[in-house]
Amino acid sequence: MHQRRISSLHKLLSSLKSESIHSSSQGLPRQLSLSQTTETLLAGHLGSILQSCADSSVLQQGRQVHAQFIVNGISNNAVLGATILGMYVLSGKFINAGNMFFRLDLRTSMPWNRMIRVFVKMGWFRFALLFYFKMLSCGILPDNHTFPSVMKACSGLNNVGLGKLVHDAIRLTGCEFDMFVGSSLVKFYAENHCIDEARCLFDKMSQKDCVLWNVMLNAYVMCGEFDNAIRAFKEMRSSETKPNPVTFACVLSVCAAEGMVDFGTQVHGFALSCGLEFESSVANTLLAMYSKCGQLFDAWKLFELMPHIDLVSWNGMIAGHVQNGLRDEALDLFREMIFSGVKPDAITFSSFLPSIAESASLKLGKEIHGYIIRNGVPLDAFLKSALIDIYFKCRDVKMACKTFNQCTVVDIVMCTAMISGYVLNRMNTDAVEMFRWLLEEKMVPNTVTLSSILPACADMAALKLGKELHGKIIKNGLDGKCHVGSGIIDMYAKCGKLDLAYKFFRRMSEKDVVCWNSMITSCSQNGKSEEAIGLFRQMAVEGMKHDCVSVSAALSSCADLPALHYGKEIHGCMIKGSCHSDRIAESVLIDMYAKCGNLDFARTVFDMMQGKQEAGWNSIIAAYGSHGRLEDSLTLFHEMLENKIKPDHVTFLAIISACGHAGRVDAGIHYFHCMTDEYGIPACMEHYACIVDLYARAGRLNEAFETIKSMPFAPDAGVWGTLLGACRVHGNVELAVVASRHLFDLDPQNSGYYVLLSNIHADAGQWGNVLKIRRLMKERGVQKVPGYSWIEVNNTTHIFVAADESHPESEQIYSLLKILLLDLKKEGYSPQSYLRMHPQTLGL
């Protein structure tokens, strides 16, 4: 291409030389003849040729062109000189550029404009502004060709104050309403989020062509004001300005982002009437719009009708299928794209790799990585991050770290991917170290980075570090971001500071559904069930729509109270809303009904579930087990296997627990070995706790103790607590002392363990040991937590603390209880057997 252009220039110069000789023979001045007949023609050809010669590999040819101009006596032309000047600057030959610059007529704006424009093109905004101010100091007035480049330089430096000073100079020169200068001003204000100034200037423009309208539309899109963007598009149509492909691409991107498929379809029709439907940028944006709105059928129809399918089209279709959860279809499209001869780029893989990460297919991920390396696909920050993400999600931490360490240039996106991966794999210390390293490297963490590191602080219960992060977030003005706010709430709650979590939540100016869910879930998990239900109600009052997460958290709170009335109300919300078919929410609903004593409702919910999976089966198996109906639990377990549903660790936990409730020790041991040997599921802490409880309930305390000693990891307080409780029932003082020693180390502030050991010694008549334990409690500042019970009367849950006679309705409720007990005796029931069948009556 370069050779053809230069060859054509040589032919042109040869013909012009012959022409000049012919003119000279007729007595005409040679220089005058060339100026009149050739310079305009040469200027037209020169721009594209010298722009090609700006590449350092063909710079020598550019110098040859320059020499030809000197030989032909036309090197003093201002336009040609400025073009040659630009060539030298772009190729980095600043000495040649300087020599050329000072040979030009510096009393005009043209050489100054050229230098400013070229420096802006190279991204050297400070040099561009330096030449602008030097131009002013030399008394050269800028013109309408100067200001667009100067405004672009101000925007590149994000210097709003300087841009406004230049705007004042523009007003003085009378160029403010020039089409090109005005567009550059509007764009400058838009890029710096001064949307009101941009609109004010736009409205003052007497002439608005399509380019100016596009600048204003893009301004609204960049600032996230999508409603105003749509309104501006409608105004543009009313002004009878004909839109171009850029207009349609901008408006359709808004439709894609906001899910406005109906309006997007209307815009599609308008583009069709303008004959721009299959223009590349319009068609590709239409594909993205239909895909993001879930209208893949329409996307396919358009894709098949497109006369020219380019790389962007393939990327749009692949990304659309990934976003709609169609991983296999996306993989088929990827293969079809390669077979059609279109080579994927970094964007293709960045869109496609997340689907592999979700499926945790390490083999396929490595195949894709190999293809990228073999075909030399450029590894940009997003593609490297996607590769790191897939290795972490496939639990190949070593390969993820290797991919990161091979990067010569590391940015905040890759560091964020590393932090998220470490947190996902419970490597919280490594996540914190990575965060500290990026700060040492002077990288500025963004909201995604901060949202990723906060869960590490939460899992480590590192309150001090969490507070430091919170301070940094406030300092950078990021505490108003909803996804950061939800991370802060979760961090404080998991660090045992629910009061700080709630305080921060109340102060948030904007709360999305994730923030509400985080606060409701935190209350539910920290034993604040009534507060969780109150927040659930307040969420609806403030116009926020519940989703399956908030519903599940509220149902868990109802199960913990228990509060059957509230649970039924939430069940009604599920039926009316979009959560009635969510498997997780339905599983929690089963658990709620079971814990509130209504096993029939729990079974009804289970029977009505569509596409039952592990969570639903686990909930109903656990429900029957907790009610002492082991045979029903085992029957459901075998039905689950017949339905080709593979049991998981939760399934066996429910079965072993049910065996413990029914006193079937041998059956519980059998299913424990079935889990580890037949299904290859490793036993975790909860399974060992169930086995200990299984032996302990049967009075086989030595076997329970041997089980604890044989555990492959250190037992937690729950395991030792189970043994200690069994020691009280069976009067084993020796084992109780051993268990309590571990408990006082693991959970020294839990008053229940001290009281339990004290009662064991009291039952054995060891009053001296009782006094020692009471003294130990006093020394450690441990306060005994009083016990309490509850009863639901007229859809209201009443809580009674031990030895508390202050409840306003206590006498009435105690009277009702006496009547209930008398009725039970008449019907032949003991209070204990009735409570086992109806645990919702009393929280005992």
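Residues numbered from 1 in each chain as written. Predicted model: local features only at pLDDT ≥ 70, side-chain atom pairs only at ≥ 80, totals over all residues. Heavy atoms only, no water.

K.L.:
Would you explain the overall build of the chain in this entry?
P.N.:
Along the chain, the regular secondary structure elements total 48 helices and two strands. Residues classed as buried in the chain amount to 47% of the 844 residues present. For the chain, contacts bridging at least 24 residues in sequence account for 59% of all contacts bridging at least 6. (Helix = DSSP H or I, 4+ residues; strand = E, 2+ residues; numbered from the N terminus. Buried < 20%, exposed > 50% of the residue type's maximum accessible area, 1.4 Å probe, protein only. Contact = heavy atoms within 4.5 Å.)

K.L.:
I would appreciate a short explanation of a nonpolar patch on the surface in the present structure.
P.N.:
Together, Trp124, Phe127 and Leu130 make up a nonpolar patch on the protein surface, roughly 300 Å² of accessible area in all. Looking at the secondary structure, you find Phe127 in helix H8 (residues 125-137). (Patch = residues over 30% accessible without salt bridge, like charges linked within 9 Å, V, L, I, M, F, W, Y side chains within 5 Å. Areas by Shrake-Rupley, 256 points an atom, 1.4 Å probe, with all protein chains shown as cover. Salt bridge = Lys/Arg side-chain N within 4 Å of Asp/Glu carboxyl O.)

K.L.:
When you look at the confidence of the model for the chain in this model, what are you seeing that I'm missing?
P.N.:
Detailed reading of the predicted coordinates is not advisable wherever pLDDT is low. When pLDDT is averaged along the chain, the result is 79; 79% of the residues meet or exceed 70. Segment residues 16-37: pLDDT under 50, and 17 contacts once partners within four positions in sequence are set aside and those in other chains are kept. Contacts of residues 839-844 to residues separated by more than four positions or lying in other chains number 18 contacts, the stretch itself having pLDDT below 50. (pLDDT = per-residue confidence, 0-100.)

K.L.:
Honestly, the packing of helix H42 (residues 701-709) against helix H43 (residues 717-730) in this entry has me stumped. Any pointers?
P.N.:
The description of two helices packed together rests on the angle between their axes and the distance between the axes. Contact geometry of H42 with H43 gives a least axis separation of 11 Å together with a crossing angle of 165°. Accordingly, the angle class assigned to the pair H42 and H43 is roughly antiparallel. Crossing angle aside, the handedness with which H42 passes H43 is left-handed. Taking contact as the criterion, the partners of Leu701, Ala704, Phe705 and Ile708 in H42 are, on H43, Val719, Trp720, Leu723, Ala726, Cys727 and His730. When grouped by side-chain class, the residues that make up the contact of H42 with H43 number nine nonpolar, one polar and no charged. (Axes fitted to C-alpha atoms, helices over the stretch in contact; angles between N-to-C directions. Parallel < 35°, antiparallel > 145°, perpendicular 65-115°, else oblique. Left-handed = near helix turned anticlockwise from the far one by under 90°. Nonpolar A, V, L, I, M, F, W, Y, C, P; charged D, E, K, R; others polar.)

K.L.:
Got a minute to help me understand the pattern of salt bridges in this structure?
P.N.:
Pairs can form between side chains of opposite charge once their charged atoms are near each other. Applying the stated rule across the entire model yields 19 salt bridges. Two residues, Lys366 and Asp396, come together in a salt bridge whose shortest N-O distance is 3.8 Å. Note that Lys366 is positioned in helix H22 (residues 362-374) and Asp396 in the loop between helix H23 (381-393) and helix H24 (397-405), a separation of 30 residues in sequence. Judged by relative accessible area, Asp396 falls into the buried class, the value being 17%. Of the charged contacts, one joins Lys709 and Glu706 as a salt bridge, the two residues approaching to 3.1 Å between their closest N and O atoms. Linking Lys709 with Glu706, this pair stays in helix H42, spanning three residues, or about one helical turn. By relative accessible area, which is 44% here, Glu706 ends up partly exposed. Through salt bridges with shared partners, one network takes in Arg199, Asp203 and Glu235.

K.L.:
Teacher, can you tell me more about the packing of aromatic side chains here?
P.N.:
Summed over the entire model, instances satisfying the criterion amount to 23 aromatic pairs. Pairing Tyr688 with Phe713 gives two aromatic rings, centres 5.8 Å apart and planes at 90°, and the pair type is edge-to-face. Within this pair, whereas Tyr688 is found in helix H41 (residues 685-697), its partner Phe713 is found in the loop between H42 and H43, the two being separated by 25 residues in sequence. Put simply, the rings of Phe637, Phe652, Tyr671 and Tyr679 touch in pairs and so form one group of aromatic residues. The ring of Phe270 is capped by Arg237, whose NZ or CZ atom sits 4.0 Å from the centre of that ring. The side chain of Lys511 reaches across the aromatic face of Phe505, ending 5.2 Å from its centre. (Phe/Tyr/Trp six-rings, centres within 6.5 Å; stacked < 30°, edge-to-face > 60°. Lys NZ or Arg CZ within 6 Å of the ring centre and 35° of its normal.)

K.L.:
I would appreciate a short explanation of unusual backbone geometry in the present structure.
P.N.:
If a residue is not glycine, its phi is most likely negative; likewise, a peptide bond is most likely trans. One non-glycine residue, Arg395, lies in the positive phi region at around 65°. Residue placement: Arg395 occurs in the loop between H23 and H24. Arg395 gets classed as exposed once you look at its relative accessible area, which sits at 53%.

K.L.:
Honestly, helix H44 (residues 733-746) in this entry has me stumped. Any pointers?
P.N.:
Within an α-helix, residues lying three or four positions from one another point in the same direction, as the helix has 3.6 residues per turn. Spanning 14 residues, H44 covers 20 Å between terminal C-alpha atoms, matching the ideal 20 Å at 1.5 Å per step. Listed in full, the buried residues belonging to H44 are Val733, Leu735, Ala736, Ala739, Ser740, Leu743 and Phe744. Looking straight down H44, one finds its buried side chains confined to an arc of 165°; they lie on one side. Set apart from the buried face of H44 by more than 90 degrees, the exposed residues are Glu734 and Asp745. Taken together, the buried residues of H44 touch H42, H43, helix H45 (751-763) and helix H46 (767-780). The opening residue of H44, the one whose side-chain oxygen lies 3.4 Å from the backbone nitrogen of Glu734, is Asn732. (Expected span 1.5 Å × (residues − 1). Arc of directions from axis to C-beta. Polar contact = N/O pair within 3.5 Å; in protein donor to acceptor, adjacent residues only side chain to side chain.)

K.L.:
Where do I start with the nonpolar core in this structure?
P.N.:
For soluble globular proteins, nonpolar side chains are generally found buried alongside one another. With 241 residues, the main nonpolar core has Met289, Phe349, Leu353, Met592, Ile620 and Leu723 as its most contacted residues. If you tally residues by element for this core, the top one is H41, at nine residues. With near-sequence residues (within four places) excluded, Ile620 lies in contact with Ile590, Ala602, Arg603, Phe606 and Leu636. (Core = buried A, V, L, I, M, F, W, Y, C linked by side-chain atoms within 4.5 Å.)

K.L.:
Please clarify how the packing of helix H28 (residues 463-475) against helix H29 (residues 482-494) should be interpreted in this entry.
P.N.:
Contact geometry for H28 and H29: axes closest at 10 Å, N-to-C directions at 155°. One element, H28, and the other, H29, form an angle in the roughly antiparallel class. Note on packing geometry: the crossing formed by H28 with H29 is left-handed. Contacts between H28 and H29 pair Leu463, Gly466, Lys467, His470 and Ile473 from the former with Val484, Ile488, Met491 and Tyr492 from the latter.

K.L.:
Would you take a moment to explain helix H15 (residues 245-258) for this structure?
P.N.:
Counted at 1.5 Å a residue, the expected span for H15 with its 14 residues is 20 Å, and the 20 Å between its end C-alpha atoms agrees. When you tally the buried positions in H15, you get 10 out of 14 residues, the bulk of the element. For H15, the complete set of buried residues consists of Pro245, Thr247, Phe248, Ala249, Cys250, Val251, Leu252, Val254, Cys255 and Ala256. Contacts made by the buried residues of H15 are with helix H13 (210-222), helix H14 (226-238), helix H16 (261-273) and helix H17 (280-292). The backbone nitrogen of Val246 has a side-chain oxygen 3.1 Å away, supplied by the residue at the start of H15, namely Asn244.

K.L.:
Looking at this structure, how should I read the state of the cysteines?
P.N.:
Put plainly, a disulfide is one covalent bond tying together the sulfur atoms of two cysteines. Inspection of the entire model under this criterion finds zero disulfides. Cys407 carries a free sulfur, and the closest cysteine sulfur to it, the one in Cys415, is 9.5 Å from it. When its relative accessible area of 12% is taken as the criterion, Cys407 is described as buried. (Disulfide = S-S within 2.5 Å.)

K.L.:
Any chance you could explain the environment of Ala319 here in plain terms?
P.N.:
Mapped onto the elements of the fold, Ala319 is located in helix H19 (residues 311-323). Of the residues examined, Ala319 reaches a relative accessible area of 15% and is grouped as buried. Along the primary structure Ala319 and Ser291 are separated by 28 residues, whereas in three dimensions their C-alpha atoms are 8.1 Å apart.

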